[in-house]
Each structure stands twice: as structure tokens, then as C-alpha cells.
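Read off the chains here:
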Amino acid sequence: LGRLYKGSTIVHNMPLRHDQVKVGVEEVRDEDVFIPIPTKQVQLVGQALNTFIAWPTHLVKHLP
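Here goes a summary of the coordinates provided. All values reported here derive from a predicted model rather than from experimental measurement. (Residues numbered from 1 in each chain as written. Predicted model: local features only at pLDDT ≥ 70, side-chain atom pairs only at ≥ 80, totals over all residues. Heavy atoms only, no water.)

**Notes on the pattern of salt bridges**
Which entries qualify depends on this criterion: The salt bridge criterion pairs a side-chain nitrogen of Lys or Arg with a carboxyl oxygen of Asp or Glu, the two atoms within 4 Å. Helix and strand definitions here come from DSSP, where helices need a minimum of 4 consecutive H or I residues and strands a minimum of 2 consecutive E residues; each element is numbered from the N-terminal end. Only protein chains enter the calculation, and the probe is 1.4 Å; a residue is then buried if its accessible area is under 20% of its type maximum, exposed if over 50%, and partly exposed in between.
Enumeration over the complete set of coordinates arrives at 3 salt bridges. For Arg3, the salt bridge is made with Glu26, and the minimal N-O distance between the two is 3.0 Å. You can see Arg3 sitting in strand 1 (residues 2-5) and its partner Glu26 sitting in the loop between strand 4 (20-25) and strand 5 (52-56), a full 23 residues away along the chain. On the basis of relative accessibility, which here comes to 43%, the residue Glu26 falls in the partly exposed class. For the salt bridge of Arg17 with Asp19, the shortest nitrogen-to-oxygen distance reads 2.9 Å. Residue classification places Arg17 among the exposed residues on the basis of a relative accessible area of 51%.

Have a look at this one:
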């Protein structure tokens with residue numbers, strides 16, 4: 001689970017593509033799942049906790 005940062009265009013000095021958004025990962029439910037847009041530092045969801053990552057817009061699900 002994470003927080004979407006609307007209007008952001010850069011994550012860790014890398015520009016986001018039109019089909020990506022900046023997400024701050026706040027809670028991990030399955031540490032060993034690969035993230036869709038890996039970096040040298042972060043390949044698994046468990047490594048993304050409390051950091052920002054690029055996330056494909058088609059995989060974003062808004063919770064009430």
C-alpha cells in the first residue's frame with residue numbers, strides 16, 4: 001500500500017513516463033514480490049518500504 005503523489009514528474013532523478021506515477025510505499029504485505037519498474041536498489045516490494053518508486057498507472061487502485 002502506498003501514497004500516490006499526483007503532479008510529480010521525477011523519481012530519484014529519473015523522469016516518469018506518461019503511463020507512470022510516483023508512489024511512496026507505506027505498507028508491505030508480501031515482501032518477495034517483484035515490483036513492475038525495478039531499479040538497481042529496489043527490485044522487490046520489501047525493499048521499497050518507506051521510499052518512492054515509479055508505478056504503472058494501470059496498476060494503481062484507489063482505496064476508499
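**Considering the sheet that holds strand 5**
Counted only if it meets this: We treat two strands as partners when DSSP finds at least two bridges between them. Note on definitions: angles span 0 to 180 degrees between N-to-C directions of axes, and those axes are lines fitted to C-alpha atoms, for helices only across the stretch in contact.
Read from one edge of the open sheet, 3 strands run 1-4-5, paired in antiparallel fashion. Because the sheet does not close on itself, it has two edges, and the strands there are strand 1 and strand 5. Averaged over neighbouring strand pairs, the angle between their axes works out to 40° when direction is ignored. Looking at chain direction, strand 4 and strand 5 are connected through 5 bridges and run antiparallel. The residue of strand 5 that forms the bridge with Lys22 is Ala54.

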